[in-house]
Structures are given as structure tokens and as C-alpha cells.
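Residues per chain, in single letters:
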Amino acid sequence: MRWDSQRLAGRSGTDADQPAELALFGLDACARTFDTPEFRGMTFYEIHARSLLNKVPSAARVPFDWTINPYRGCGHACVYCFARRTHEYLDLDAGRDFDTKVIVKVNAAAVLRRELARPSWRGEPVAMGTNVDCYQRAEGRYALMPGIITALRDAGNPFSILTKGTLLLRDLDLLREAAQQVEVGLSVSVGSVDADLWRRVEPGTPSPQARLRMVRTLTDAGFRVGVLMAPILPHLGDAPDQLEETVRAIAASGASSLTPIVLHLRPGAREWYHQWLARERPDLLPVYRDLYGSGSYAQAAYRKRISATVAMLARRHGVGTERDSRQNAPHGDPPSS
Ligand code: SF4
């Protein structure tokens with residue numbers, strides 16, 4: 001039985017008619033809706049997680065071994081999001097359900113403290129925002145991150161955060177405090193500063209300009225902040241003037257580095273993105289077919305050309321570039337966040 005076949009009350013508070021499928025998450029799970037414009041049409045499944053630290057499979061080729069994901073699903077609703085497929089493991093779909101049905105691990109901080117205190121835990125760096133955005137809009141309501149950051153700080157555990165969420169600034173004082181004691185890495189993703197493109201492909205996110213203002217604030221606060229110029233969307237955000245405007249804005253934000261990443265289209269993301277293209281730019285469907293074939297990556301020659309162009313622009317505008325080492329990180333890709 002699909003969750004979307006269940007009836008959920010459209011009012012604030014716990015639903016009296018809870019979906020039976022919540023039993024999958026334990027008897028104490030519950031579904032909640034909030035009758036505010038920000039969360040209209042969204043359902044939050046509050047669950048009690050048994051564990052929080054995830055070991056990254058060794059085949060993943062990413063620069064971190066451990067991650068924390070306090071949420072599953074993301075109201076930022078980027079059409080290209082890599083993490084979409086992970087929703088299918090929950091018998092939810094990778095499209096609209098991913099955007100509107102968000103799993104919230106309400107006991108995240110307590111579970112993390114317990115795990116960090118285990119004698120077997122070796123204090124390895126932990127990455128956040130690598131699957132879905134930990135500073136998505138739900139975080140404004142649930143405020144899980146302050147408890148998580150505090151637990152990591154108290155354990156002396158280094159961590160990094162990748163986000164599109166300007167909500168991170170709410171925790172700036174805490175992050176500064178943590179950075180006195182442990183290594184804290186911060187990255188922000190901005191694929192393009194084209195406002196029209198942003199509204200169409202990242203409808204639930206803060207604007208690229210707001211994200212870059214956040215980079216400036218964090219930089220002024222003493223952090224080195226890398227910007228993932230991700231994803232660069234072929235034939236939508238890759239025109240020379242679009243690339244230059246974006247690199248110029250990233251450089252002006254004070255970013256410590258810029259990493260260009262061309263759109264990856266893995267299963268789950270690919271179908272949703274193609275549906276969007278079919279609605280918005282059907283003329284590009286055959287172009288994307290040529291560029292991606294049946295694979296997840298654009299042709300190597302195209303990626304090489306974009307990387308070279310961005311590297312040249314970065315030199316022109318005075319910001320360092322880094323090679324993409326996050327090939328398999330959903331949120332890190334076109335992030336996943
Ligand atoms: S790309 Fe990142 S911010 Fe966008 S929906 Fe996915 S997890 Fe959220």
C-alpha cells in the first residue's frame with residue numbers, strides 16, 4: 001500500500017488518522033502537517049532513529065567515510081536532486097513525494113551523543129549535507145542541527161557541512177564556537193546565479209544571491225568557505241555569459257575555492273528531470289539524449305570543456321578552483337543540497 005493513498009489531515013499538529021505504514025519506522029513514529037505557507041502541502045514523518053552515523057560504502061569514491069543525515073527527502077525540491085532515489089527505499093516516490101514527504105529523525109542529537117561516546121568510535125570526520133540538505137526548510141521548525149553540532153563539538157569530532165540553506169546562519173555562533181575546538185568545513189552550492197533558472201529548477205531554495213551573501217558572512221566570520229558551482233545544467237546554465245556571471249559572483253562572495261560540477265543524471269533523478277524537461281524545454285530532450293546517452297554523466301568532452309572554461313574564468317576573477325572529488329555524493333553532486 002502506498003503512503004500517498006493514506007488520508008492526512010491538513011491542519012497543524014499530529015494527525016489523528018495516522019498512516020498505518022508509519023509502523024515501518026517504529027510504533028512511536030507520527031505524521032505531522034503544519035498549516036503555514038512555508039510548509040503547505042508537506043508532511044513530516046517524525047521518527048526515532050536507531051543510529052545516526054552512516055558508514056559510506058568504500059566503492060563510493062567520496063572524500064569522507066562517515067555521514068549524518070537527520071532528514072530524508074528535501075523541501076528544497078531541486079528537480080535534478082541526486083538523492084531522489086533514496087526515497088524509493090521507503091516506498092515513497094522519487095518525485096513529488098521526495099519534495100513533500102520528509103522523514104525527520106527527531107532524536108538525532110541524543111542518538112549521536114550515544115554513538116560518539118562508544119569506545120569503538122575513533123573520532124573520524126563526519127560529513128553532513130551529502131545526501132539531503134541538513135539546512136532545508138524543515139530545519140527551521142525542528143532545529144536538529146544545533147544539537148548535532150553541539151554533540152560533535154563536545155566529542156571533539158571534526159565535521160563538515162554542505163548546504164544551500166541560509167538557515168545555517170542561525171547557528172553561526174555555535175559553529176564559531178565549535179571551530180575553536182574542532183575542524184569545521186563549510187561548503188555552499190550555487191550552480192548558477194541566473195534568477196529565472198533558479199526559480200524553475202530549485203523552487204524551494206534560498207536564492208543564489210542569498211546563498212552567496214551567506215558565504216560572505218561566513219567568510220567575514222573567519223571561515224574558509226568552498227563553493228560548489230553545481231550543478232551546471234547543459235544548455236540551460238552553461239552559456240558563456242551565464243558561467244562568467246556566476247563565477248564573478250562566487251569570487252566576489254569571498255569563497256575560498258570554486259568546484260565546477262556538470263549535472264549528473266542518475267536513475268531516480270534522471271526520470272524526474274526528464275519529466276521536467278518535457279514540460280519546460282521539450283526541445284532539449286534529444287539534446288540531452290545525445291549528451292548523456294543512457295548513462296549518468298555528460299560526455300567527457302563536454303565536461304572537460306566546461307571545466308576548462310570555468311577554470312579560465314576563475315583565474316580571471318581571482319578565485320581558486322578545485323577538482324570535483326565528489327562523483328558519487330548526491331547532495332555533493334548537484335548536491336545533494
Ligand atoms: S539538491 Fe540538495 S537542496 Fe536540492 S533537493 Fe536535493 S538535497 Fe535538497
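Residues numbered from 1 in each chain as written. Predicted model: local features only at pLDDT ≥ 70, side-chain atom pairs only at ≥ 80, totals over all residues. Heavy atoms only, no water.

Trainee: Please explain the overall build of the protein as it appears in this structure.
Mentor: Each helix and strand counted, the protein has 11 helices and 12 strands in total. The buried share of the protein, taken over its 337 residues, is 56%. Contacts in the protein between residues at least 24 apart in sequence constitute 75% of all its contacts with a sequence separation of at least 6. Of the accessible surface of the protein, which amounts to about 14400 Å², a share of 50% is contributed by carbon and sulfur atoms. (Helix = DSSP H or I, 4+ residues; strand = E, 2+ residues; numbered from the N terminus. Buried < 20%, exposed > 50% of the residue type's maximum accessible area, 1.4 Å probe, protein only. Contact = heavy atoms within 4.5 Å. Areas by Shrake-Rupley, 256 points an atom, 1.4 Å probe, with all protein chains shown as cover.)

Trainee: Looking at this model, I keep getting lost on the nonpolar core. Mind explaining?
Mentor: Here is a general trend for soluble globular proteins: nonpolar side chains tend to be buried in one another's company. In this structure, I148, F159, I161, Y273 and Y288 are the most contacted members of the largest nonpolar core, which totals 85 residues. In this view, Y288 contacts L233, P234, L236, L263, L265, Y273, L277 and G293; residues no more than four positions away in its chain are not counted. Listed in part, the seven residues of the second largest apolar core include A29, I47, L90 and I103. (Core = buried A, V, L, I, M, F, W, Y, C linked by side-chain atoms within 4.5 Å.)

Trainee: I would appreciate a short explanation of the confidence of the model for the protein in the present structure.
Mentor: When pLDDT is low, close inspection of the predicted coordinates is not appropriate. Mean pLDDT over the protein: 90, with 87% of residues reaching 70 or higher. Confidence over residues 1-13 falls short of pLDDT 50; this stretch has 42 contacts with residues more than four positions distant or in other chains. For residues 325-335, every residue scores under 50 in pLDDT, and the model assigns this stretch 63 contacts once sequence neighbours within four places are set aside. (pLDDT = per-residue confidence, 0-100.)

Trainee: Mind showing me how you'd approach the pairing of strand β7 (residues 101-105) here?
Mentor: Taken residue by residue, a regular strand's side chains alternate between the two faces of the sheet. Of all the five residues making up β7, five are buried; the element is thus mostly covered by neighbouring parts of the structure. Burial along β7 is two-sided: the residues K101, I103 and K105 and V102 and V104 are all buried. Where strand β3 (residues 43-47) and β7 come together, five bridges link them in parallel fashion. Residue pairing in the sheet places I47 in a bridge with K105 of β7. When strand β6 (residues 71-72) meets β7, the two strands line up antiparallel, connected through two bridges. The residue bridging R72 from the neighbouring strand is I103, located in β7. (Pairing = 2+ DSSP bridges.)

Trainee: I would appreciate a short explanation of the sheet that holds strand β8 (residues 126-128) in the present structure.
Mentor: The seven strands are arranged β4-β5-β8-β9-β10-β11-β12 in an open sheet whose pairing can be described as mixed. Every other strand in the sheet has two partners, leaving β4 (53-55) and β12 (257-262) as the edge strands with one partner each. Neighbour-to-neighbour, the strand axes of this sheet turn through a mean angle of 25°, independent of strand direction. Here strand β11 (residues 225-232) runs beside β12; their pairing, made up of five bridges, is parallel. Paired with L228 across the strands is T259, a residue of β12. Set on the sheet, helix α11 (residues 300-317) makes contact with β11 and β12; between it and β12 the angle comes to about 160°. (Axes fitted to C-alpha atoms, helices over the stretch in contact; angles between N-to-C directions.)

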